[in-house]
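Residue strings, one per chain:
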Amino acid sequence: MGRYVVRRLLQVIPVVIGVTFIIFCLVFALPGDPIQALAGDKRADPNIAAILRAHYHLNEPLYQQYWHYISGVFTGDLGETYNGRAISDIVSERFPVTLKLGLTAFAIEAVIGVVAGILSALKRGKFLDNVVLVATLVLISIPVFVFGSVLQLEFGMNLKLTPVAGIEKGWPQSYILPAVVLAATSMAYIARLVRSSMTESIRADYVRTAIAKGLPRRRVIGVHALRNSMIPVVTFLGFDLGALMGGAIITERVFNMPGLGGQLAQSLYLRERPVVVGLVTLLVLIYLVANLVVDLMYAVLDPRIRYE
Amino acid sequence: MRGAKSAKWVAIAAVVALGATACGGGGGDSSSGSGKGNGVVSVEIGEPQNSLVPSNTYETEGGQVINALFTGLTKLDASNKVVNAMAESIETKDNKVWTIKLKSGYTFHNGEKVTAQSFIDAWNYGANQTNAQQTNPLFSHIAGYSDLNPGEGKKPTTDKLSGLKAVDDSTLQVTLSGAFSAFPSQLSFTAFVPLPKAFFKDPKGFGEAPIGNGPFEMKGKFKHNEQIDTTKYDKYPDASKIEVKGVNFKIYSNPDTAYKDLVAGNLDSLLTIPTSGLPTYKKDLPNRTIDEADSAVGYIGFPIKYNKAFQNADLRKAISMAIDRQTIADKVFLGARTPADDYISPIIDGYRKGACGDACTLNVAKAKELYKQSGGLPGNKLELGYNADGGHKEWIEAVANQLQQNLGLKVTAKPFEQFQTILNDLDAKKYQGAFRMAWSMDYPDAEDYLRPVFSKEAIANGSNYSGYVNEDFEKLLVKGDQAPTHEEAVKNYQQADDVLLKDMPYIPVYFYTLNAGFSDKIKSMKVAGHQILWDTVKLS
């Protein structure tokens, strides 16, 4: 067990090196000059631009630039942006916002999605089931920014229940609405996933046995049927935690939240290779950890699965 | 079950660890003064490009903050005229040696007195290439600039501009390398403000919490991408003229969101109403809008220096005459632009209404005739380049359609990913087509609409991407620089403008307008040079 976890964690190292190099190459290949980008619509002064380029090693070949970056990372220095801010500052400022938003969304989609799925499976073909099916269909088909703008207009501007934008009011007020928007699509998928796998489990032999044994209904549904139907759901949730972090780009923009998504978009636009690489690496790490947790959860859910 | 149990614990530990970082990060939940009646006004800005060092701020977002925190020697008044701010008087005999007397009573927010030396130190820092400040070229008129900028790979031999001298604490003498009549208006740019001694000890830290000499002081640090909070500085000499008790710069990444916040009453001032709000903003904000000329000009440019097809001025004029500017201003921009009829913006002293005359007026028959006379374009084909990231697609496509219809050309609108990609291709002489361009002023003077965009030196250092050169134009600029009075300088600059209007290196297409809105907390306010004039803001 412990060995399994260590092995999985060691796998992270080559993945991180590979990913950072690929991202570095991709951003390097984009046209546009980061130093000119600093000057906006005006021409950067040639002398000053040359000095900045030399300072940030921008006139060196790709592999040397990558070397400067990655050797810095291993000594704990994430580098600085082209306007002189430490990347570690940016990450520590913005990561909490995105993480809070992501985890809130994660909680919303897990709880509401699973509950809706169970209810729908238990009342198959009835009114409630149809409501869930129609609601999830709607959520899946509306683009995120439309859904976000509509909720913002209704709850923020008309009803004034939540702030329109920003994070001034802190958690939870400022985070609830964006988290709902961010969670919406996945919530719908989870509800459908739970519904179909529950439907299958309910018909399974071991559930019939449990009922025949005279176990209370609550225990039959909650433990015997649900536990077994959770495996595909947990797989989806694990994958989705990483996706939420990345998917926050649109939501953060609509709700003007100073999170990683907005920073990633901005840095990509300004061609700030070290920032883009640093942020993407962070997202990759979250993916890897989430997947590790998912794998370990399998063993909890299904005792037949062991990692020795 | 042993394996399963320990797996459970590892999983729980991992989840707890994730949760802990979420809470431990903290931050971002302080409340700001947006409650009504406390005199604090919130203002929309975008995230400043650099940290808040005046000489490193060359864009309007950070410029607005610098303008609230610092006071320079001159400033703009409500009619865009340059008036003295910290300067008591500015005198010169030959436009070359300037004697500036300072008003007394100004202190930095840490109590330090503002002296002539505070200006000299700040300008020496800004002009030194070692510090790589964005506004470095603005200091180039001051004598000794070239010693501080020997070029890449070379170290300056001195760190002082030879043209700066403190006669005494309140008298500053500036010697320029040549006559330059627009110097006092250049001084209104935020790069020329003074800096306290504390800056030079820790420029980086200063950029996060600047100490200025202006009407407002920082309240805490610059909270990146969130807000910059300031409060009124009570020891500011003109503090009694300012009603606002503090300015909270709220940072937005999306103007549509800022507009919603403004309408909902969570934001007090928005200087640029987004396109989505333009059709309704006057109804959404009754009597709380500002609708006036702004400083920027939009052009279509031609790579004259290396594409022979564009070297005929009549051809460029023919294209200009085939553009229906009014339709573009009204239909494409919904009134957020006005048709351009000069190279100089309407807010500047020296602008002449209709100066461009026939050449900027739609006249299909004449355009066709002129086009034929000029020999036309090879294959009757024209490419119009624009950057796809800045909302230019619509108007460029409208121009393309108009040219296609009115001149019978085959026009393709070519999107570039970013503005820089066009500029890079132009520098490399790779791109052969016409391109969109724009210029917004650094300081309110006719000269600033001519030299940085069309002069010989602007080919390497400015925005002269067409590579246009005309010696008469250069001579008239110098004549304007040396003119003994402002009126005469304007006259000379207008003559230089006339040369441009004859040659048309770029086609002026539209002037930007300022479409701003404010909340019911503000009774009235004035804006000049895209900056709120804080002494004109009246609260309701």
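The numbers attached to residues start from 1 for each chain and follow its sequence in the written order. As a convention, the first chain written is A and the first ligand written is 1, with the rest following in written order. Only residues with pLDDT of at least 70 are given local features in this predicted model, and only at 80 or more are side-chain atom pairs given and counted; all residues enter the totals for whole chains, interfaces and linings. Heavy atoms throughout the structure, all of them, feed into the side-chain values; hydrogens and water do not.

Could you clarify how one ought to interpret the overall build of chain A in this entry?
Think of it this way: any DSSP run of H or I at least four residues long counts as a helix, any run of E at least two long counts as a strand, and we number them from the N terminus. Regarding its fold elements, chain A presents twelve helices and zero strands. In chain A, the succession of helices and strands from N to C terminus is α-α-α-α-α-α-α-α-α-α-α-α. Structurally, chain A occupies a C-alpha span of about 85 × 55 × 30 Å along its principal axes. Buried means the residue's accessible area, taken with a 1.4 Å probe over protein chains only, is under 20% of the maximum for its type, while exposed means over 50%, and partly exposed covers the values in between. The 308 residues of chain A split such that 52% are buried. Only heavy atoms enter the contact rule, under which two residues are in contact if any of them lie within 4.5 Å. Restricting the contact set of chain A to residue pairs at least 6 apart, pairs at least 24 apart contribute 75%. Areas reported as accessible are Shrake-Rupley estimates using a 1.4 Å probe. Residue values count occlusion only from the protein chains shown. For chain A, the exposed area adds up to about 14,200 Å²; of that, 68% sits on carbon and sulfur atoms. His is not counted, nor are the chain ends, whereas Lys and Arg count as positive and Asp and Glu as negative. Think of each charge as sitting on NZ of Lys, CZ of Arg, CG of Asp or CD of Glu. Charged side chains in chain A number 28 positive and 20 negative. The centres of these two groups are separated by 13 Å.

Before we go on, may I ask you to explain the packing of aromatic side chains in this structure?
Describing an aromatic ring pair means giving the distance of the ring centres and the angle of the ring planes. Residue and element names in this part refer to chain B. Stacked, edge-to-face and tilted are the three classes for Phe, Tyr and Trp ring pairs, Trp counted by its six-membered ring, which pair at centre distances within 6.5 Å; planes under 30 degrees apart are stacked, over 60 edge-to-face, the rest tilted. Applying the stated criterion to the full structure yields 31 aromatic pairs over all chains. Between phenylalanine 216 and tryptophan 534, the ring centres sit 5.6 Å apart and the planes meet at 75°, which makes this aromatic pair edge-to-face. Placement of the pair is phenylalanine 216 in strand β8 (residues 216–218) and tryptophan 534 in the loop between β20 (531–532) and β21 (538–539), with a sequence separation of 318 residues. In this structure phenylalanine 216 comes out as buried when scored by relative accessible area, which is 0%. Put simply, the rings of Tyr299, Tyr343, Phe435, Phe454 and Tyr506 touch in pairs and so form one group of aromatic residues. For arginine 337, the ring lying beneath its charged end belongs to phenylalanine 333, and the centroid distance is 4.1 Å. Two conditions define a charge sitting above a ring: the NZ of Lys or the CZ of Arg must be within 6 Å of the ring centre, and it must be within 35 degrees of the ring normal.

What exactly am I supposed to notice about the environment of A:Glu200 here?
Residues and elements named next belong to chain A. Within the secondary structure, glutamate 200 is located in helix α8 (residues 173–202). Overall, the relative accessible area of 61% leaves glutamate 200 in the exposed class. Placed 28 residues apart in sequence, glutamate 200 and asparagine 228 show a C-alpha to C-alpha distance of 10.0 Å.

I tried to follow the confidence of the model for chain B on my own but got confused; where do I start?
The predicted coordinates ought not to be read in detail in places where the model reports low pLDDT. Every residue carries a pLDDT, the predictor's confidence in it, which falls somewhere between 0 and 100. Scored by pLDDT, chain B comes out at a mean of 90, with 93% of its residues at no less than 70. Both scores are given for the predicted complex: the pTM is 0.87, the ipTM 0.84.

In this structure, what is going on with the interface of chain A and chain B? I would like to understand it.
Accessible area lost on assembly of the parts is the figure often given for the size of an interface. Residue-level contacts link 61 residues of chain A with 72 residues of chain B. Note: buried area is the sum, over both parts, of the accessible area (probe 1.4 Å) each one loses when the two are combined. Approximately 5,400 Å² of surface area, both sides summed, lies buried where chain A meets chain B, with 53% of it carried by carbon and sulfur atoms. Considering only the surface of chain A that becomes buried against chain B, A:Lys42, A:Arg43 and A:Glu168 emerge as the three largest contributors, covering 15% of it. Whenever Lys or Arg places a side-chain nitrogen within 4 Å of a carboxyl oxygen from Asp or Glu, that contact is recorded as a salt bridge. At the boundary of chain A and chain B, one finds four salt bridges. The partner of B:Glu417 in a salt bridge is A:Arg271, and the shortest N-O contact between them spans 2.5 Å. Here a polar contact is recorded for every N or O atom pair within 3.5 Å, except that within protein the pair must consist of a potential hydrogen donor and a potential acceptor, and residues adjacent in sequence are included only if both atoms are side-chain atoms. Where chain A packs against chain B, one counts 22 residue pairs in polar contact (both at pLDDT 80 or more).

What am I meant to see in the packing of helix α10 (residues 217–254) of chain A against helix α12 (residues 273–301) of chain A here?
Between two packed helices, what matters for the description is the angle formed by their axes and the separation of those axes. All names here are of chain A. Look at α10 against α12: their axes get within 9 Å of each other, and the N-to-C directions meet at 170°. As the angle between them shows, α10 and α12 are arranged roughly antiparallel. Contacts between α10 and α12 involve Arg227, Met230, Ile231, Val234, Thr235, Gly238, Phe239, Leu241, Gly242, Ala243, Met245 and Gly246 from the former and Leu283, Ile286, Tyr287, Ala290, Val294, Met297, Tyr298, Val300 and Leu301 from the latter. Each residue belonging to the contact of α10 with α12 can be placed in one class, and the counts come to 16 nonpolar, four polar and one charged. Axis definition: a line fit to C-alpha positions, over the contact stretch in the case of helices; interaxial angles, taken between N-to-C directions, run 0 to 180 degrees. Any angle that falls under 35 degrees is termed roughly parallel, while one over 145 is termed roughly antiparallel, one within 65 to 115 roughly perpendicular, and all others oblique. Side-chain classes follow a simple rule in which Ala, Val, Leu, Ile, Met, Phe, Trp, Tyr, Cys and Pro form the nonpolar group, Asp, Glu, Lys and Arg form the charged group, and the remainder, Gly included, forms the polar group.

I'm lost on the nonpolar core in this one. Help?
Nonpolar side chains tend toward joint burial in soluble globular proteins. Residues and elements named next belong to chain B. We define the nonpolar core as a collection of buried residues of types Ala, Val, Leu, Ile, Met, Phe, Trp, Tyr and Cys that are connected through side-chain atoms lying within 4.5 Å of one another. Ranked by size, the top nonpolar core spans 73 residues in total, and within it Trp123, Val174 and Trp534 carry the most contacts. The dominant element in this core, judged by the number of residues it contributes, is helix α3 (residues 116–127), at seven residues. Not counting chain neighbours up to four residues away, the residues in contact with tryptophan 534 comprise Val41, Val43, Asn67, Ala68, Phe216, Ile242, Val244 and Val247. Among the nonpolar cores identified, the runner-up in size contains 46 residues, and Tyr281, Ile328, Leu377 and Tyr386 belong to it.

Is there a simple way to think about the state of the cysteines in this case?
The term disulfide refers to a covalent linkage connecting the sulfur atoms of a pair of cysteines. Residue and element names in this part refer to chain B. Cysteine sulfur pairs qualify as disulfides if the two atoms are within 2.5 Å. Going through the model one piece at a time under the given rule, you end up with one disulfide over all chains. Shown here is the disulfide that connects cysteine 356 with cysteine 360, its sulfur atoms set 1.9 Å apart. Of note, the bridge from cysteine 356 to cysteine 360 carries an S-S torsion of about 70° and is right-handed in sense. Accessibility expressed as a relative area gives 9% for cysteine 356, which makes it buried.

Sorry, what's going on with the pairing of strand β16 (residues 434–439) of chain B here?
Regular strands place side chains that alternate from one sheet face to the opposite one. Residues and elements named next belong to chain B. In terms of residue burial, β16 counts as a mostly covered element, since six of its six residues are buried. Residues of β16 alternate between two faces, with Ala434, Arg436 and Ala438 on one and Phe435, Met437 and Trp439 on the opposite face, all of them buried. Taken together, the five bridges between strand β12 (residues 289–301) and β16 define a ladder with antiparallel strand orientation. Residue glycine 298 lies in a different strand from β16, and its bridge partner there is alanine 438. Pairing between strands requires that DSSP locate at least two bridges from one strand to the other.

What am I meant to see in the sheet that holds strand β7 (residues 171–175) of chain B here?
Each strand in a sheet pairs with another by means of backbone hydrogen bonds, the pair being arranged parallel or else antiparallel. Residues and elements named next belong to chain B. Across the sheet, four strands lie side by side as β4-β5-β7-β6; this open sheet has antiparallel pairing. The open sheet is flanked by β4 (87–92) and β6 (164–168), the only strands paired with a single partner. The mean angle between the axes of side-by-side strands here comes to 20°, regardless of whether they run parallel or antiparallel. Bridge analysis of β4 against strand β5 (residues 97–102) gives five bridges, and the strand direction is antiparallel. Residue pairing in the sheet places threonine 92 in a bridge with tryptophan 98 of β5.

Explanation requested: the side chain of B:Lys232 in the structure shown.
Residues and elements named next belong to chain B. Positionally, lysine 232 belongs in strand β9 (residues 227–232). Summary of buried charges: lysine 232 has no salt-bridge partner, and the nearest side chain of opposite charge, aspartate 234, is 5.7 Å away. Separated by 2.6 Å, the side chain of lysine 232 and the backbone oxygen of isoleucine 242 make a polar contact. In this structure, lysine 232 is in contact with Pro215, Phe216, Glu217, Ala239, Ile242, Val244, Lys245 and Gly246, ignoring residues within four places of it in sequence.

Can you help me understand the pattern of salt bridges in this one?
It is possible for side chains bearing opposite charge to pair when their charged atoms get close. Taken as a whole and assessed by the stated rule, the structure comprises 26 salt bridges over all chains. Its salt-bridge partner being B:Lys204, residue A:Glu80 comes within 3.2 Å of it at the nearest N-O pair. Taken together, the residues A:Glu80 in the loop between α4 (62–74) and α5 (87–122) and B:Lys204 in helix α7 (residues 203–208) connect one chain to another. B:Lys204 sits in the exposed class, given a relative accessible area of 54%. The salt bridge involving B:Asp535 is made with B:Lys75; its shortest N-O contact spans 3.9 Å. In this pair, B:Asp535 sits in the loop between β20 and β21 while B:Lys75 sits in strand β2 (residues 74–76), placing the two residues 460 residues apart along the sequence.

Got a minute to help me understand a nonpolar patch on the surface in this structure?
Residues and elements named next belong to chain A. A contiguous nonpolar surface patch, about 500 Å² in accessible area, is contributed by Val6, Leu10, Ile13, Ile17 and Phe74. Mapping leucine 10 onto the fold places it in helix α1 (residues 2–29). Judged by its relative accessible area of 52%, leucine 10 falls in the exposed class. What makes a patch is a set of residues exposed beyond 30% relative accessible area and free of salt bridges, joined within 9 Å when like-charged and within 5 Å when nonpolar (Val, Leu, Ile, Met, Phe, Trp, Tyr).

Got a minute to help me understand the confidence of the model for chain A in this structure?
On average, residues of chain A score 87 in pLDDT, and 100% of them are at 70 or above. Mean pLDDT values for the elements of chain A range from 83 in helix α2 (residues 34–38) of chain A up to 92 in helix α6 (residues 127–141) of chain A.

It is not clear to me how the packing of helix α11 (residues 325–332) of chain B against helix α13 (residues 393–407) of chain B should be interpreted in this structure. Could you clarify?
Residue and element names in this part refer to chain B. Between α11 and α13, the shortest axis-to-axis distance is 11 Å and the interhelical angle comes to 145°. Handedness of the α11/α13 crossing: right-handed. Listed contacts from α13 to Thr327, Ile328 and Val332 of α11 are Glu394, Trp395, Ala398, Val399 and Gln402. Looking at side-chain class alone, the contact of α11 with α13 contains five nonpolar, two polar and one charged residues. For any pair of crossing helices, the crossing counts as left-handed if the nearer helix is rotated counterclockwise from the farther one by less than a right angle, and right-handed if it is rotated clockwise.

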